[in-house]
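Summary of the model geometry
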Amino acid sequence: MIEGFSTSGVAALEYFAEFPTIFQATIVSSPAFGLKNDAWLAELIAKLKANLGERYLYASKSGFNDDATSYEQLKASLTHFSNAHFADLSQQNYLSTSLIGFEQGVKTLFEVREITNFEPFAREGTSAACSNTIKCYINGLVFKFRIRIT
């Protein structure tokens, strides 16, 4: 995962778009789009559309007018991806948006997700009879590694 705020938020988006096999998620808070031009934004959006796939994006905007149009273009271009999340933090103090955006981003990106592919669990020794619950997998970990999970 890569995270960034303001200028580093733009860099995080660039790295996330450029290196899809390295970064599986990004959280960007108040990215400073005003530092970039329309051609850059169009290229970024094209890369994200091409490789967002199962990767996760969380972006929040601040109250800076220079960034609003670009943020809205990014949001409109990626709204149909269920794994792209956007938040309006423009009513918050700009310096607070890095903390608020990070917290909300982590909660959003790492919320409990429904498991639809149980093959990885089956490979680790869980039986087909347990394919509808993660409890069997956890029990297998407890047995395999002699750990206690509470």
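That block above? That's the structure.
Along each chain, residues carry numbers from 1 onward, in the same order as the chain's sequence is written. Thresholds applied to this predicted model are a pLDDT of at least 70 for local features of residues and 80 or more for the giving and counting of side-chain atom pairs; totals over whole chains, interfaces and linings are not thresholded and use all residues. Based on all heavy atoms of the structure, the side-chain values leave hydrogens and waters out of the count.

The pairing test for Phe, Tyr and Trp rings, Trp by its six-membered ring, is centres within 6.5 Å, and the orientation test on the planes gives stacked under 30 degrees, edge-to-face over 60, and tilted for anything in between. Per the counting criterion, the structure on display carries five aromatic pairs. Ring centres 5.1 Å apart and planes at 40° place the aromatic pair F5 and Y94 in the tilted group. Linking F5 in strand 1 (residues 2–5) with Y94 in the loop between strand 4 (84–88) and helix 4 (97–109), this pair joins segments that are 89 residues apart in sequence. By the ring-pair criterion, three or more aromatic residues cluster together here, those being F5, F64 and Y94. Distance and angle both matter: a charge sits over a ring if NZ of Lys or CZ of Arg is within 6 Å of the ring centre and within 35 degrees of the ring normal. In this arrangement the basic side chain of R55 is found over the ring face of F16, its NZ or CZ atom lying 3.7 Å from the centre. Numbering of helices and strands runs from the N terminus, with a helix taken as a DSSP run of H or I at least four residues long and a strand as a DSSP run of E at least two residues long.

Attention now moves to the nonpolar core. In terms of nonpolar packing, the biggest core is built from 24 residues, with L13, L48, L57, L74, L78 and F86 touching the most fellow members. Where this core is concerned, the elements lending two or more residues are helix 1 (7–18), helix 2 (38–51), strand 3 (56–61), helix 3 (65–78) and strand 4. Here L57 is in contact with L13, F16, T26, L52, L78, N83, A84, H85, F86 and L109, once residues within four sequence places are set aside. Residues belong to one nonpolar core when they are buried, are Ala, Val, Leu, Ile, Met, Phe, Trp, Tyr or Cys, and are joined through side-chain atoms within 4.5 Å. Buried, partly exposed and exposed residues are distinguished by accessible area as a fraction of the type maximum, computed with a 1.4 Å probe on protein chains only: under 20%, between the cut-offs, and over 50%, respectively. In this structure, A25, I27, Y58 and A87 belong to the second largest nonpolar core, which totals five residues. Two residues qualify as a contact provided that any one of their heavy atoms is within 4.5 Å of a heavy atom in the partner residue.

What follows is about the pairing of strand 4. Judged by how many residues are buried, strand 4 sits mostly within the fold: four of five residues are covered. In this scheme, strands are said to pair when DSSP sees at least two bridges between them. The sheet contact formed by strand 3 and strand 4 spans five bridges and is parallel. Counterpart to A59 in the pairing with strand 4 is F86. In this fold, the crossover linking strand 3 to strand 4 by way of helix 3 has right-handed handedness. For a crossover, the right-handed case is the one in which the path from the first strand over the helix to the second runs clockwise, viewed with the strands pointing away from the viewer.

Attention now moves to helix 3. With 14 residues, helix 3 extends 21 Å from end C-alpha to end C-alpha; this agrees with the ideal 20 Å at 1.5 Å per step. Taken residue by residue, helix 3 has D67, S70, Y71, L74, S77 and L78 as its buried positions. Buried residues of helix 3 fall within an arc of 125° about the axis and therefore sit on the same side. The exposed set on the far side of helix 3, more than 90 degrees from its buried face, consists of N65, T69 and A76. Contacts from the buried residues of helix 3 go to helix 1, helix 2, strand 3 and strand 4. Working rule for helices: expected span equals 1.5 Å times residues minus one. Note that the arc is defined by the directions from the helix axis to the C-beta atoms.

The strands that make up a sheet pair up through hydrogen bonds in the backbone, lying either parallel or antiparallel. The strand order 1-2-3-4 describes an open sheet built from four strands, whose pairing is parallel. The sheet terminates laterally at strand 1 and strand 4, the two strands that pair on one side only. Within the sheet, the average angular offset between the axes of one strand and its neighbour, ignoring direction, is 5°. Where strand 2 (residues 25–29) meets strand 3, five bridges bridge the pair, whose relative direction is parallel. Bridged to T26 within strand 3 is L57. To get an axis, a line is fitted to the C-alpha atoms, and for a helix only the part in contact is used. The angle between two axes follows their N-to-C directions and goes from 0 to 180 degrees. Against the sheet, helix 3 makes contact with strand 3 and strand 4, and its axis sits at roughly 145° relative to strand 4, the strand it touches most.

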